[in-house]
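Residue-level structural notes
Each chain is listed here by its residues.
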There are 2 protein chains.
Amino acid sequence: MAGLLGSLPCMTEFDDALALDRVSDGVRRGRLGEAWAIGGAVHGGLLMALAGQALGQHLAEHGGNASGHDSPVAFSAYFLSPSADGAAELRSEVVRVGRSMSTGQVSLLQDADGEPVERLRALASYGDLARWAQPVLREPPRPRMPAPDECAPAGAAPAQLRTAMPLMERVDLRLDPATAGWAVGRPSRLGVMRGWIRFADRRPVDALSLLFFLDALPPVSFDLGIMGWAPTLELSAHIRAEPAEGWLLVEIATRTVTGGLMEEDALIWDERGRMVAQSRQLAGIRLPSGDAGDVRGARDVGHARDPGDARNAGDAGDAEDSGDARGVG
Amino acid sequence: MAGLLGSLPCMTEFDDALALDRVSDGVRRGRLGEAWAIGGAVHGGLLMALAGQALGQHLAEHGGNASGHDSPVAFSAYFLSPSADGAAELRSEVVRVGRSMSTGQVSLLQDADGEPVERLRALASYGDLARWAQPVLREPPRPRMPAPDECAPAGAAPAQLRTAMPLMERVDLRLDPATAGWAVGRPSRLGVMRGWIRFADRRPVDALSLLFFLDALPPVSFDLGIMGWAPTLELSAHIRAEPAEGWLLVEIATRTVTGGLMEEDALIWDERGRMVAQSRQLAGIRLPSGDAGDVRGARDVGHARDPGDARNAGDAGDAEDSGDARGVG
């Protein structure tokens, strides 16, 4: 069966989105499709995976492949402007090929009125995951949550919501009912969201796809009752092991929400229970005025201050400075 | 008194280390001093602060200052090769000047046999911290620990150890006795270290210095009984508020140690109790062979596997791939 599938030209949606044409050394062309859009812009996790694909190919051409440095191990992306449906150019360079890691840089650009505009720039180190994944001396245990069949599929969302988020048709996402109350107006306000996730077309997960899945859940701010955009400003990811086939369990959480910025930490475990990836991002959030009191009601705010002062809230959500797209507009 | 101090040419050690000569647009020269060395290389936190200084000056020249974008908000550094005592060149570029943040890139290079060799490359976004620090809706509470006077000063370390770590003379570090057992051969094995810290010459702390303090404690792996180098491969920092004058409380922790790599999370609170900065780094660790069993004894390893397999351990500690210097050699 594996042999049969391997011999068929069965392009998955994700592989199709990551297809690149090599133009010259360090220059590749791809295409951002509206199938991966959410709220009007192309999803930031997909941009990271596409940039990671381009950089991986570039490093392989420059010696990294000979050393087996074919998987991202650390990946830090800065989101510079909102991406649009259409052609994209990937420019990559080698920073350093070392013995145990190769480090490079990659930019994703799109033409806007005839000028190349940078959407994302990233630094990343690639290595041989088989070497770095064993032995496991210590790792966060996978949280307990109901099995996928006992969770509500995100596909059950209202049609109007799904139309604004074609991205949600690319994945099969099953949120833990304990952290999905926001969808019916009852956020837990704990600042946590958990779910099982896989590609809708069952494409097997791999290291590169973890860059996508680390940012594929709705913003954790939904669980604080803050609905709306949460554009990523910066996201740094660590890939710690090649994931096993099957469902991934993603947990995101935030502990720090100040002045229109929040950090969002993500952890991913595979079906074996291995913690395969983690990330932290800084994202902008827009607070509905007067809603600050509700947010402070969450745990972990032992010494919140300026309770009534929400005058700066929402500064970060403006489109001018938002690169990544997540959330509903 | 403030006026008197302000009028005196009283250069502090940190300001001296961060002094830069502007050579041309985007090129500055500085000097790495052995006063900031630890274990034979210049401290990675100092490199980040120096790079942050250069990029801040560059962004100010290119419009960022007009918008008040004068403090690092997000800073992601990749460490490429071990730095040495001597001259350093800082090359910076503007990536994007936005309305609420300015993003740039900076490299730190040194001559090695007549060739410029890159020690560190970073992407960073600068902004107006006063705008982003308020209101505080949610933040991690500052952990309880004994007052500085009730903690053992790191200066009490054996003279032989202190000679290898001139950096430790630059700071006044008071470790929580509960997490300092490793210094006398009794690590807690919880994977946590906490301490009060300030500059030895009492230079006031500021946003830029937080890039230094985020990496100024000994590696958290010491608390797992893993003594030795823990070179930083990548560190991403978020600065969330300008710190108040006085002591900083730094807490570092690790939850994931696999195949010679660990993540180290750092949090810093100021004397008011504000969480002012946080970071996550990926660092190499070298496991003494046969010691894996002790490490696995730590909490949070509910499903550790391959218990006896330490054959890959220690790969990351080799000098060839280590950029940052921390720990004792």
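Residues numbered from 1 in each chain as written. Chains lettered and ligands numbered in written order. Predicted model: local features only at pLDDT ≥ 70, side-chain atom pairs only at ≥ 80, totals over all residues. Heavy atoms only, no water.

Topic: the overall build of chain A
Using the following cut-off: Counting from the N terminus, the helices are the DSSP runs of H or I reaching at least four residues and the strands are the DSSP runs of E reaching at least two. Burial here depends on accessible area, computed with a 1.4 Å probe over protein chains only, as a share of the maximum for the residue type. Under 20% is buried, over 50% is exposed, and the range in between is partly exposed. Throughout, a residue-residue contact means that at least one pair of heavy atoms, one from each residue, lies within 4.5 Å. Note that accessible areas follow from Shrake-Rupley with a 1.4 Å probe, and for residues the cover is restricted to the protein chains shown.
Looking only at helices and strands, chain A has 7 helices and 17 strands in total. Scored against the burial criterion, the 329 residues of chain A give a buried share of 62%. For chain A, the share of sequence-separated contacts (at least 6 apart) that also reach a separation of at least 24 residues comes to 74%. Counting only carbon and sulfur atoms, one obtains 50% of the accessible surface of chain A, whose full area is about 11,700 Å².

Describing the layout of surface pockets
Note the threshold: Here a cavity is any set of points on a 1 Å grid over the protein atoms alone where a 1.4 Å probe fits but cannot get out, and a pocket is any open set with protein on both sides within 12 Å along at least 5 of 7 lines; a residue lines the site when it has an atom within 4 Å of a point. Grid points are joined across faces, edges and corners, and a volume is the space filled by probe spheres set on the points.
Within this model, the largest pocket holds a volume of roughly 940 Å³. For the largest pocket, the lining is made up of 42 residues, of which Arg255(A), Asp265(A), Arg280(A), Arg255(B) and Asp265(B) are closest to its centre. Listing elements by their share of the lining of the largest pocket, those giving two or more residues are strand S14 (248-253), strand S16 (261-269) and strand S17 (275-284) of chain A together with strand S14 (248-253), strand S16 (261-269) and strand S17 (275-284) of chain B.

Things to note about the pairing of strand S12 (residues 192-199) of chain A
Residue and element names in this part refer to chain A. Put simply, the test is: DSSP bridges decide pairing: two strands pair if at least two such bridges lie between them.
Counting buried residues along S12, 8 of its 8 residues qualify, which places the element largely inside the surrounding structure. Relative to S12, strand S11 (residues 171-175) is paired through 5 bridges, and the arrangement is antiparallel. Across the sheet, the residue bridging to valine 171 is phenylalanine 199, located in S12. Where S12 meets S14, 6 bridges bridge the pair, whose relative direction is antiparallel. The residue bridging methionine 193 from the neighbouring strand is isoleucine 252, located in S14.

Structural notes on the domain arrangement of chain A
Residue and element names in this part refer to chain A. Under the convention used in this document: In this entry, domain limits derive from an automatic or database-based domain assignment. In this description, buried area is defined as the sum, over both parts, of the accessible area (probe of 1.4 Å) that is lost when the two are combined. Any carboxyl oxygen of Asp or Glu that lies within 4 Å of a side-chain nitrogen of Lys or Arg is treated as forming a salt bridge with it. Definition of a polar contact: a pair of N or O atoms within 3.5 Å, with one able to donate and the other able to accept a hydrogen when the atoms are protein atoms, and with sequence-neighbouring residues admitted only if both atoms are side-chain atoms. Throughout, the ten residues Ala, Val, Leu, Ile, Met, Phe, Trp, Tyr, Cys and Pro are labelled nonpolar, Asp, Glu, Lys and Arg are labelled charged, and all others, Gly among them, are labelled polar.
In terms of domains, chain A is made up of domain 1 (12-132) and domain 2 (148-321). The interface is formed by 31 residues belonging to domain 1 together with 28 residues belonging to domain 2. With both sides pooled, the region where domain 1 packs onto domain 2 buries about 2,600 Å², and carbon together with sulfur makes up 62% of that total. Joining domain 1 to domain 2, the criterion identifies 2 salt bridges. Linking domain 1 to domain 2 there are 11 residue pairs in polar contact (both at pLDDT 80 or more). Secondary-structure elements contributing two or more residues to the side of domain 1 that touches domain 2 are helix H2 (13-17), strand S3 (37-38), helix H3 (44-61), strand S5 (71-79) and helix H4 (129-132). For the side of domain 1 that touches domain 2, the leading source of residues is S5, giving 9 residues. Residue classes in the side of domain 1 that touches domain 2 are distributed as 19 nonpolar, 9 polar and 3 charged.

Quick word on the nonpolar core
Stated precisely, the cut-off is as follows: Only buried Ala, Val, Leu, Ile, Met, Phe, Trp, Tyr and Cys residues count toward a nonpolar core, and they belong to the same one when joined by side-chain atoms within 4.5 Å.
Formed by 164 residues in total, the largest nonpolar core has its most connected members in Phe75(A), Phe212(A), Phe213(A), Phe212(B) and Phe213(B). With residues up to four places along the chain from it excluded, the contact list for Phe213(A) reads Val171(A), Ile197(A), Arg198(A), Phe199(A), Val205(A), Leu248(A), Val250(A) and Ile268(A).

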